[in-house]
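Listed here are the chains, written in short residue letters.
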Amino acid sequence: MTISVLSGSCLCGAVRYQASGELQRFYHCHCSRCRKATGTGHASNLFLKGTIEWESGQDRIKSYKVPDAERFTNTFCETCGGRVPRFIEQYGMVFIPAGSLDVEPELKPQARIFMGSGANWSCGKAELPEFDEYAG
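Residues numbered from 1 in each chain as written. Predicted model: local features only at pLDDT ≥ 70, side-chain atom pairs only at ≥ 80, totals over all residues. Heavy atoms only, no water.

Draft legend 1. How the structure looks around the packing of aromatic side chains. Per the stated rule, a full pass over the model turns up two aromatic pairs. Both rings, one in Y17 and one in W54, keep their centres 6.1 Å apart while their planes meet at 70°; by these two values the pair is edge-to-face. Taken together, the positions of Y17 in strand β2 (residues 16–29) and W54 in strand β3 (residues 43–56) put the pair 37 residues apart, joining distant regions of the chain. Judged by its relative accessible area of 22%, W54 is partly exposed. Judged by centre distance (5.3 Å) and plane angle (70°), the rings of F47 and F95 are edge-to-face. Separated by 48 residues along the polypeptide, F47 in strand β3 and F95 in strand β7 (residues 93–97) bring together distant segments of the chain. Neither F47 nor F95 differs from the other in exposure class; each is buried. The ring centre of F47 lies 4.4 Å from the NZ or CZ of R25, which sits over that ring. (Phe/Tyr/Trp six-rings, centres within 6.5 Å; stacked < 30°, edge-to-face > 60°. Helix = DSSP H or I, 4+ residues; strand = E, 2+ residues; numbered from the N terminus. Buried < 20%, exposed > 50% of the residue type's maximum accessible area, 1.4 Å probe, protein only. Lys NZ or Arg CZ within 6 Å of the ring centre and 35° of its normal.)

In structure tokens:
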């Protein structure tokens, strides 16, 4: 078992964390809930079997659980709205929004999930030109 240590923060930097454990999965999720929570075509999420330590801002973390969802909860900083991890106690798993990481994870994305409900305009459905900077 390889232990990874991942650190990250919210957009304003008030919430800071360090998660340690074994990386399990890294998915791009195209479901409608992830699209609504992120405002993008998909969410990029890591699942780590392990623990999380809050270095700062734990008192600023808020969560919204979709009432009819078995698993979906959006966890975020109350100041900036930036998504942050949550610990899923029943599985001993840390759910990490990849965009909150301040380091590069060793695991690369493994799959795109819920493509059947994905938006037609979302990345992954069509090739687009790439630019190193804003191309306005």
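Draft legend 2. Highlighting a nonpolar patch on the surface. Together, M1, I3 and V5 make up a nonpolar patch on the protein surface, roughly 350 Å² of accessible area in all. Positionally, I3 belongs in the segment before β1 (4–9). (Patch = residues over 30% accessible without salt bridge, like charges linked within 9 Å, V, L, I, M, F, W, Y side chains within 5 Å. Areas by Shrake-Rupley, 256 points an atom, 1.4 Å probe, with all protein chains shown as cover. Salt bridge = Lys/Arg side-chain N within 4 Å of Asp/Glu carboxyl O.)

Draft legend 3. View of the pattern of salt bridges. Enumeration over the complete set of coordinates arrives at four salt bridges. Notably, a salt bridge pairs R16 with D102, separated by 3.3 Å at the nearest N-O pair. You can see R16 sitting in strand β2 and its partner D102 sitting in the loop between β7 and β8 (111–113), a full 86 residues away along the chain. By relative accessible area, which is 42% here, D102 ends up partly exposed. Between R71 and E70 there is a salt bridge, with its nearest N and O atoms 3.8 Å apart.

Draft legend 4. Here's a closer look at the layout of surface pockets. Here the largest pocket is characterised by a volume of approximately 740 Å³. For the largest pocket, the lining is made up of 25 residues, of which F47, R71, F72, R86 and F95 are closest to its centre. Counting residues per element, the ones that place at least two in the lining of the largest pocket are β2, α1 (32–38), β3, β6 (86–88) and β7. For the lining of the largest pocket, a count of residues per class yields 14 nonpolar, three polar and eight charged. The computed volume of the second largest pocket comes to approximately 190 Å³. Around the second largest pocket, the lining residues are A37, T38, T40, H42, A43, S44, G82, R83, P97, A98, G99 and S100. Of all elements in the fold, only α1 and β3 reach the threshold of two or more residues within the lining of the second largest pocket. When the residues that make up the lining of the second largest pocket are grouped by side-chain class, the tally is four nonpolar, seven polar and one charged. (1 Å grid on protein atoms, 1.4 Å probe; cavity = no way out; pocket = protein on both sides within 12 Å on 5 of 7 lines; lining within 4 Å. Points joined across faces, edges and corners; volume = space filled by probe spheres on them. Nonpolar A, V, L, I, M, F, W, Y, C, P; charged D, E, K, R; others polar.)

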